[in-house]
Amino acid sequence: ETGVTQSPTHLIKTRGQQVTLRCSSQSGHNTVSWYQQALGQGPQFIFQYYREEENGRGNFPPRFSGLQFPNYSSELNVNALELDDSALYLCASSLGRDAFTDTQYFGPGTRLTVL
Amino acid sequence: DQQVKQNSPSLSVQEGRISILNCDYTNSMFDYFLWYKKYPAEGPTFLISISSIKDKNEDGRFTVFLNKSAKHLSLHIVPSQPGDSAVYFCAATRSSGGSNYKLTFGKGTLLTVNP
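Below or above, wherever it landed, is the structure these notes cover.

Rules of the game
Here the residue numbering is sequential within each chain, running from 1 through the sequence in written order. Labels follow written order: the first chain is A, the first ligand is 1, and so on. Totals for whole chains, interfaces and linings use every residue, but because this is a predicted model, local features are given only for residues with pLDDT of at least 70 and side-chain atom pairs only at 80 or more, for both listing and counting. Side-chain calculation: all heavy atoms of the structure are included, whereas hydrogens and water are not. Two strands qualify as a pair provided that DSSP identifies no fewer than 2 bridges between them. Segments assigned H or I by DSSP are reported as helices when at least four residues long, segments assigned E as strands when at least two residues long, and all are numbered from the N terminus. For helices, the fitted line uses only the C-alpha atoms of the stretch in contact; every axis is such a line through C-alpha atoms, and the angle between N-to-C directions lies from 0 to 180 degrees.

For the rest of this paragraph, the subject is the sheet that holds strand β1 (residues 5-7) of chain A. Residue and element names in this part refer to chain A. Spatial strand order, β1-β3-β8-β7: four strands in an open sheet with antiparallel pairing. The outermost strands of the open sheet, each flanked by one partner alone, are β1 and β7 (64-68). Taking each pair of neighbouring strands and ignoring which way they run, the sheet shows an average axis angle of 20°. As paired elements, strand β3 (residues 19-24) and strand β8 (residues 73-78) share six bridges and run antiparallel to each other. Within β8, the residue paired with C23 across the bridge is S74.

See the structure below:
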């Protein structure tokens with residue numbers, strides 16, 4: 001059983017640009033959740049997808065969007081990057097629809113720096 | 001508005017002794033609590049959870065205690081080992097809340113276990 005992987009590991013962008021981060025969930029895991037972890041903070045929930053449909057969203061603006069694909073991969077897209085978007089972005093996969101009480105398996109994260 | 005608070009940014013203990021990590025929450029709708037451990041350059045790893053119908057849950061060296069009236073939980077590690085040195089996150093959710101109740105994390109406590 002392979003773990004959750006994310007790419008790229010690190011990324012540097014400038015303000016106003018767009019970025020796509022990728023995640024490969026564990027095979028068979030129907031739910032993927034994305035989190036933003038700013039320096040010195042805990043992870044903050046961005047949104048969750050269950051079988052390719054959005055299944056809940058945190059307090060993030062619409063310029064944060066996502067996709068989940070049938071092959072257990074997913075994307076987080078951020079448009080019009082702002083300096084405050086600089087953070088570690090984590091994805092987590094889980095088996096069931098109610099991901100928050102299921103065990104979530106996190107990837108190592110993508111460190112995004114916005115200049 | 002921090003709904004999950006870990007007021008100790010760091011904790012240092014001697015190998016073999018007990019580590020006690022504390023967490024407070026403000027939202028009385030939370031009824032399911034989790035602890036995650038995070039090593040540098042890795043994603044968080046699920047450690048242990050507890051439902052509000054219990055006041056204690058044990059898994060090997062790890063025990064979580066829940067005091068609902070005080071809205072407080074604690075993680076006990078006995079005996080502490082150098083490999084336990086990591087950042088520990090407390091998280092809370094509502095088990096029947098579906099996507100309306102996201103997983104809310106505290107800021108984390110850095111535990112250092114000295115040999």
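Attention now moves to the sheet that holds strand β7 (residues 62-67) of chain B. Residues and elements named next belong to chain B. The strand order across the open sheet formed by five strands is β1-β3-β8-β7-β6, and the pairing between neighbours is antiparallel. Every interior strand has two partners, whereas the edge strands, β1 (4-5) and β6 (56-59), have only one. Alignment of strand β3 (residues 19-25) against strand β8 (residues 72-77), held across six bridges, turns out to be antiparallel. Bridged to D24 within β8 is H72.

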